[in-house]
Amino acid sequence: MSRAMAIGSLVGALALGIWAWQFLNRAADSGLERLSRIDAVRALCTTEWEKARTEVDSMRVDRFALPDTIDKGSEQAIDRCGDLRGESVPNSLPNAREMSGDPMPRGLR
């Protein structure tokens, strides 16, 4: 009886491990696809921001609709160029070395 329980537990753990591996693999792939789509639309918006000469041109680019809406069901969906940059920085993109655009705290560098 204990041998059957051990084998059953082993098979259950193996099945759970395979399921978790597949789930995490899909989650990682979808995250990478999302980042790839964000990079593609950021490149499109960056070229338009570089062409902007005045604040009015920059505001026009901010309202520019993207061809691919990212996170469609979310409150923070990215569907316009203005969604890609923070409100505190009026006409510049975040530093490429820092994900959020905010400087990293001194102790973490």
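Residues numbered from 1 in each chain as written. Predicted model: local features only at pLDDT ≥ 70, side-chain atom pairs only at ≥ 80, totals over all residues. Heavy atoms only, no water.

Draft legend 1. How the structure looks around the overall build of the protein chain. Counting its regular elements, the protein chain contains two helices and two strands. Reading the protein chain from its N end, one meets helices and strands in the order α-α-β-β. When each of the 109 residues of the protein chain is scored for burial, the buried share is 16%. Intrachain contacts of the protein chain at a sequence separation of at least 6 include 37% that bridge at least 24 residues. A total of about 8,800 Å² of accessible surface is found on the protein chain, and carbon and sulfur atoms cover 59% of it. (Helix = DSSP H or I, 4+ residues; strand = E, 2+ residues; numbered from the N terminus. Buried < 20%, exposed > 50% of the residue type's maximum accessible area, 1.4 Å probe, protein only. Contact = heavy atoms within 4.5 Å. Areas by Shrake-Rupley, 256 points an atom, 1.4 Å probe, with all protein chains shown as cover.)

Draft legend 2. Main features of helix α1 (residues 2-51). In this model, α1 (50 residues) spans 73 Å end to end at C-alpha, consistent with the 74 Å of a helix rising 1.5 Å per residue. Along α1, the positions that sit buried rather than exposed are Ile38, Val41, Cys45, Thr46, Glu48 and Trp49. Against α2 (55-62), β1 (65-70) and β2 (78-80) lie the buried residues of α1. (Expected span 1.5 Å × (residues − 1).)

Draft legend 3. Just the nonpolar core, in detail. Core analysis: the biggest nonpolar cluster contains 10 residues, these being Ile38, Val41, Cys45, Trp49, Val61, Leu66, Ile70, Ile78, Cys81 and Leu84. Sorting the residues of this core by element identifies α1 and β1 as the ones contributing at least two each. In terms of residue count, the dominant contributor to this core is α1 (four residues). (Core = buried A, V, L, I, M, F, W, Y, C linked by side-chain atoms within 4.5 Å.)

Draft legend 4. Quick peek at the state of the cysteines. Inspection of every chain in the model, using the stated rule, returns one disulfide. Bridging Cys45 to Cys81, the disulfide has an S-S length of 1.9 Å. Its torsion about the S-S bond being -80°, the disulfide of Cys45 and Cys81 is classed as left-handed. You can see Cys45 sitting in helix α1 and its partner Cys81 sitting in the segment after β2, a full 36 residues away along the chain. An identical accessibility class is assigned to Cys45 and Cys81; each is buried. (Disulfide = S-S within 2.5 Å.)

Draft legend 5. Broad picture of a nonpolar patch on the surface. There is a patch of nonpolar side chains on the surface, built from Leu16, Trp19, Phe23 and Leu24 and spanning about 470 Å² of accessible area. With respect to the helices and strands, Phe23 occurs in helix α1. Classification of Phe23 by relative accessible area gives partly exposed; the value is 42%. (Patch = residues over 30% accessible without salt bridge, like charges linked within 9 Å, V, L, I, M, F, W, Y side chains within 5 Å. Salt bridge = Lys/Arg side-chain N within 4 Å of Asp/Glu carboxyl O.)

Draft legend 6. Quick look at α2. Among all positions in α2, only Ser58, Val61 and Asp62 are buried. Along the axis of α2, the buried positions cluster into a sector of 105°, meaning they face one direction only. On its buried face, α2 is in contact with α1 and β2. (Arc of directions from axis to C-beta.)

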